[in-house]
Amino acid sequence: MSNTGPEPRPKVPDSEKITVNLGFVDLGRIDLMVRDGFYANRADFIRTAVRNQLDRHDDAVRQSVARRQLRLGIAHYGRVDLEAARDAGRPLHIQVLGLATVAGDVTPDLARAAIASVEVLGTFQASPAVKAALADRIV
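Bear in mind the structure is a predicted one, so any value in this text is a computation, not a measurement. (Residues numbered from 1 in each chain as written. Predicted model: local features only at pLDDT ≥ 70, side-chain atom pairs only at ≥ 80, totals over all residues. Heavy atoms only, no water.)

### Description of the overall build of the chain
Counting secondary structure elements, the chain contains six helices and three strands. What you see in the chain, going N to C, is helices and strands ordered as α-α-α-β-α-β-α-β-α. In summary, the chain has a C-alpha radius of gyration of 20 Å against a globular reference of 14 Å for 139 residues, an excess of more than 25%. Along the first, second and third principal axes, the C-alpha atoms of the chain reach 65 × 30 × 30 Å. (Helix = DSSP H or I, 4+ residues; strand = E, 2+ residues; numbered from the N terminus. Rg over C-alpha atoms; globule rule 2.2 N^0.38 Å.)

### Points about the sheet that holds strand β3 (residues 115-125)
Spatially, the three strands line up as an open sheet ordered β1-β2-β3, and their pairing is parallel. If you trace the sheet from one side to the other, it starts and ends with β1 (71-77) and β3, each paired once. The mean inter-strand angle of the sheet, taken between neighbouring strand axes irrespective of direction, is 45 degrees. Here strand β2 (residues 92-102) pairs with β3 via 10 bridges, running parallel. Bridge pairing in β3 links Leu 92 to Ile 115. Contacting β1, β2 and β3, helix α4 (residues 79-88) crosses the sheet at an angle of about 90 degrees to β1. (Pairing = 2+ DSSP bridges. Axes fitted to C-alpha atoms, helices over the stretch in contact; angles between N-to-C directions. Contact = heavy atoms within 4.5 Å.)

### Quick look at the packing of aromatic side chains
Under the definition given, this model contains one aromatic pair. Both rings, one in Tyr 39 and one in Phe 45, keep their centres 5.0 Å apart while their planes meet at 85 degrees; by these two values the pair is edge-to-face. (Phe/Tyr/Trp six-rings, centres within 6.5 Å; stacked < 30°, edge-to-face > 60°.)

### A look at the nonpolar core
Counting residues in hydrophobic clusters, the biggest one holds 20 residues, and the most contacted among them are Leu 82, Val 106 and Phe 124. If sequence neighbours within four positions are ignored, Leu 82 has contacts with Tyr 77, Leu 92, Val 102, Val 106, Leu 110, Ala 114 and Ile 115. (Core = buried A, V, L, I, M, F, W, Y, C linked by side-chain atoms within 4.5 Å. Buried < 20%, exposed > 50% of the residue type's maximum accessible area, 1.4 Å probe, protein only.)

Structural data, given as structure tokens:
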């Protein structure tokens, strides 16, 4: 019996690209602020605006996270973790604000046996087969 140590965690990107539709005048105003040196580029302006809004509502977000008992940040569920939950007869209720990942070596059958529900506010990364197996459990 050999101990291989903890399962390696995959490298995940620290952001996700989104599309924002803006009116022509708003876009022009952003371009003007970029041209005048207030921001490095459009993306810098949008990131700053989003962060300012999140900071503005920080207390409300913290209260909601606590009330909903969400795990904040990055949560990775490996094959060993899911086998342990299945074998213990205690399926997981995944509740994450941030990023939740399921390891690539997790089979759809193991995912169904070990995961009772998935609620991710942010991004949920798993193989297409695992996502399909959990489709009725993803909130």
